[in-house]
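# Examination of the molecular architecture
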Amino acid sequence: MSDHQHSSEVGTTSSNAPGAELERFDDPGLPEHKSRMADRDPKAAKRAERQIVVLFAISVIGTIASLIVYFAVPPGETTASVRLSTLALGLGMAFALLGIGVGAVHWAKTLMSDHEHVDERHEQRSSEEVRAEAVKALTDGAQDSGIGRRGVLKGAVISALALFPLTIAVPLIGSVGGDWNVSKFRHTRWERGMRLAIDPSGRPIKAADVTIGSAVHVIPDVSEEERLSHAWITEKAKAVVLLVRLDPRELKEAEDRVGWSYDGIVAYSKICTHVGCPVALYEQQTHHLLCPCHQSTFDVADGAKVVFGPAKRPLPQLPITVDDEGYLIAQDDFDEPVGPSYWERLK
Amino acid sequence: MKALAARRHHRFAPVVLLLLALLVTGGVYAALAPSPASADTASTADIETGQKLFQANCATCHGPAAEGSTTAPSLIGVGAASVDFQVSTGRMPMQMEGPQAIEKPRQFDEEQTAQLAAYVASLGAGPAIPTDEQVDPALGDSANGGALFRTNCAMCHNAVGAGGALSEGKFAPALWEVTPRNIYQAMQTGPQSMPVFNDATITPEEKRDIITYLVEQREGSAGGLSLGSLGPVSEGLWVWVVGLGLLIGAAVWIGAKSS
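Reading the values: the criteria
Residues numbered from 1 in each chain as written. Chains lettered and ligands numbered in written order. Predicted model: local features only at pLDDT ≥ 70, side-chain atom pairs only at ≥ 80, totals over all residues. Helix = DSSP H or I, 4+ residues; strand = E, 2+ residues; numbered from the N terminus. Buried ≥ 20, exposed ≤ 12 C-beta atoms within 10 Å, placed from the backbone. Contact = placed C-beta atoms within 7 Å. Pairing = 2+ DSSP bridges. pLDDT = per-residue confidence, 0-100. Nonpolar A, V, L, I, M, F, W, Y, C, P; charged D, E, K, R; others polar. Axes fitted to C-alpha atoms, helices over the stretch in contact; angles between N-to-C directions. Core = buried A, V, L, I, M, F, W, Y, C linked by C-beta atoms within 7 Å. Domains from an automatic or database assignment. Parallel < 35°, antiparallel > 145°, perpendicular 65-115°, else oblique.

Counting its secondary structure elements, chain A contains nine helices and ten strands. Its C-alpha atoms give chain A principal-axis dimensions of about 95 × 75 × 65 Å. Going through the 347 residues of chain A one by one, you find that 22% of them count as buried. Looking at chain A alone, contacts between residues at least 24 apart form 57% of all its contacts between residues at least 6 apart.

And the structure:
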């Protein structure tokens, strides 16, 4: 307790009278100058010189080697030959540059002059005269411009200066987010009767093709033209679905979702409800679907409920059935927005 | 014809005739004879030997008639491909219970494996062992294989097949060393945690494309050290430890006074 008081007293005194406490320490000054071996012994100086010459010679050899490599070891066609070529070229360049750099530093450290000199730091505050002069120059300038008397001029210059930043700020703010229409988060490309197709080939899938234990990565069956269009990547990112077939006896279905599966085939959105990674690590035996980003785990046999991890909601289910030709089709779009939460999600 | 007729009493005529007869017989036999026993055309003897091997080595868990038990699945209808995959990679017979059966030195040779496969295939129809042509990496398209691999496989097996972790001690193995035939069979039969990719969802040609892509990855990266191809973990560790270590070392050397 007394120690603490004492130290706080010291703190107060030192802050009140700067320098008073510091008197206790002697300025150690500069350490004694030690001459280097190369300064004392001409032989050592000669040796250092030779070392530097060798380093620069290494650089020269590296440069020549990389030039030879450029012509003698072309990248070729195979992975191994590309690797060999870049490795040899890189080693040549590394020695060429390191030789110069290390040589220069070694030269400076061993042979260049070793004087130590002290640069005193000047005080940052200007002297009173200089400060008064600066203030006077400013007031003189202001008086000369007559800004105090000419009100309109003052207003004009302030308006011009204040408005100019808008030319930068408005486009900058306007381009943030790009598109503020959040209602499209609610819908995907899926619609009633649309066939399920295999990603990436686009072949439609028959229910009979999906055997028990299968996992199929699915996209909406759209025209080839749409699949090659620029907008498709955005649509696909929302619409991707994982289709799996379980033994119907293992499938637990909620009452309001009976009829959303077809003979043990269920389809769930592949976009994680946590932060939107593609959930696609499917363990066939446990029916667990894992997200690679944060290990959220969903139970596909039980409505894709979250069994582990940071996700808060089950994956949205795509209601499916089959058409007359036996192809799997969507009954409708998802009945809730896919992917992570956003503010307007429940509105 | 005259020349032939004139020489029919030549003393080498019987030898030539004998040779011709042998050649014809051999040629006809080669064309018409049944091909040597494989899983597809297994002989009854193979199936019987396979059954004996099964009774001795597999029946404890899979049941005397391969009907399965509480600890092991039924093998009726899994097909020869599944047996060949599990037995030729040493995963079966399992030595101990664990999160998943792991690869180990195989316990049965090529012939015994074929016999076991023949027996299990005789119990019910299932995927057959692929032909050499179906798994030949030289015949596939690695660009298409890469696209298929990234969509269907990369989430578990890593973008270049370096493998990765699953839940509760299970893992997707690295594919560097797996033979093309085993890769094909794994896709076809979906061993353990792996889902099934049957011939309708990934066609045989597409499976071969994937094999081509994977075999190509074994050449390593053109960019130099792949550091296990594990992504930011190993690369970050390398940069922070080795890269920054070298930079700090250089800074200390530059700042130190020469003696």
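Okay, back to it.
All names here are of chain A. Burial within strand 2 (residues 215–220) is extensive, with six of its six residues counted as buried. Of the two faces of strand 2, the one carrying Ala215, His217 and Ile219 and the one carrying Val216, Val218 and Pro220 are both buried. Looking at chain direction, strand 2 and strand 3 (residues 241–245) are connected through four bridges and run antiparallel. Paired with alanine 215 across the two strands is valine 244, which belongs to strand 3.

Moving on, we get to the confidence of the model for chain A. Taken residue by residue, chain A gives an average pLDDT of 87. The fraction at 70 or more is 93%. For chain A, per-element mean pLDDT is lowest for helix 1 (residues 2–16) of chain A, which scores 42, and highest for helix 3 (residues 42–72) of chain A, which scores 95.

Scored by pLDDT, chain B has a mean of 87; 94% of the residues are at 70 or more. Confidence drops under pLDDT 50 across residues 35–40 of chain B; counting only partners more than four residues distant or on other chains, this segment forms 14 contacts.

Below, the discussion takes up the interface of chain B and chain A. Frequently, the measure chosen for interface size is the accessible area removed from exposure when the parts meet. Residue-level contacts link 25 residues of chain B with 33 residues of chain A. Contributing elements (two or more residues each) for the side of chain B that touches chain A: helix 7 (142–152) and helix 8 (154–157) of chain B. By residue class, the composition of the side of chain B that touches chain A is eleven nonpolar, twelve polar and two charged.

With that out of the way, let us pick up the sheet that holds strand 5 (residues 281–283) of chain A. Residues and elements named next belong to chain A. Here four strands make up an open sheet; going across it, the order is 5-6-7-8 and the pairing antiparallel. The open sheet has two free edges, formed respectively by strand 5 and strand 8 (305–308), since each of these has just one partner strand. Averaged over neighbouring strand pairs, the angle between their axes works out to 30° when direction is ignored. Note: strand 6 (residues 288–290) against strand 7 (residues 297–299), three bridges, orientation antiparallel. By the bridge assignment for strand 7, leucine 290 is matched with threonine 297.

Before going further, it helps to examine the nonpolar core. Grouped burial of nonpolar side chains is what soluble globular proteins tend to show. Ranked by internal contacts, the top residues of the largest apolar core, which has 84 residues, are A:Leu196, A:Val218, A:Leu242, A:Leu243 and B:Val120. Once residues within four sequence positions are removed from consideration, A:Leu242 is found in contact with A:Ala215, A:His217, A:Val218, A:Tyr268, A:Lys270, A:Ala280, A:Tyr282 and A:Leu289.

Residues and elements named next belong to chain B. Under the domain assignment used here, chain B contains domain 1 (44–123) and domain 2 (133–217). Taking the mean C-alpha position of each, domain 1 and domain 2 sit 23 Å from one another. Each side of the interface is counted separately: domain 1 has 13 residues, and domain 2 has twelve residues. Looking at side-chain class alone, the side of domain 1 that touches domain 2 contains five nonpolar, six polar and two charged residues.

What follows concerns the pairing of strand 4 (residues 265–269) of chain A. All names here are of chain A. Most of strand 4 sits out of view: five of its five residues are buried. The alternating pattern of strand 4 places Ile265, Ala267 and Ser269 and Val266 and Tyr268 on opposite faces, both of which are buried. Note that strand 3 and strand 4 share five bridges and pair antiparallel. Within strand 4, the residue paired with leucine 242 across the bridge is tyrosine 268.

Okay, the packing of helix 3 (residues 44–57) of chain B against helix 6 (residues 110–123) of chain B next. For any two helices packed against each other, the geometry is given by the interaxial angle and the distance between the axes. Residue and element names in this part refer to chain B. Look at helix 3 against helix 6: their axes get within 7 Å of each other, and the N-to-C directions meet at 95°. Judged by the angle between their axes, helix 3 and helix 6 are roughly perpendicular. On helix 6, the residues that touch Asp46, Ile47, Thr49, Gly50, Gln51, Leu53 and Phe54 of helix 3 are Gln112, Ala114, Gln115, Leu116, Ala118, Tyr119 and Ser122. Here the residues of the contact of helix 3 with helix 6 sort into seven nonpolar, six polar and one charged.

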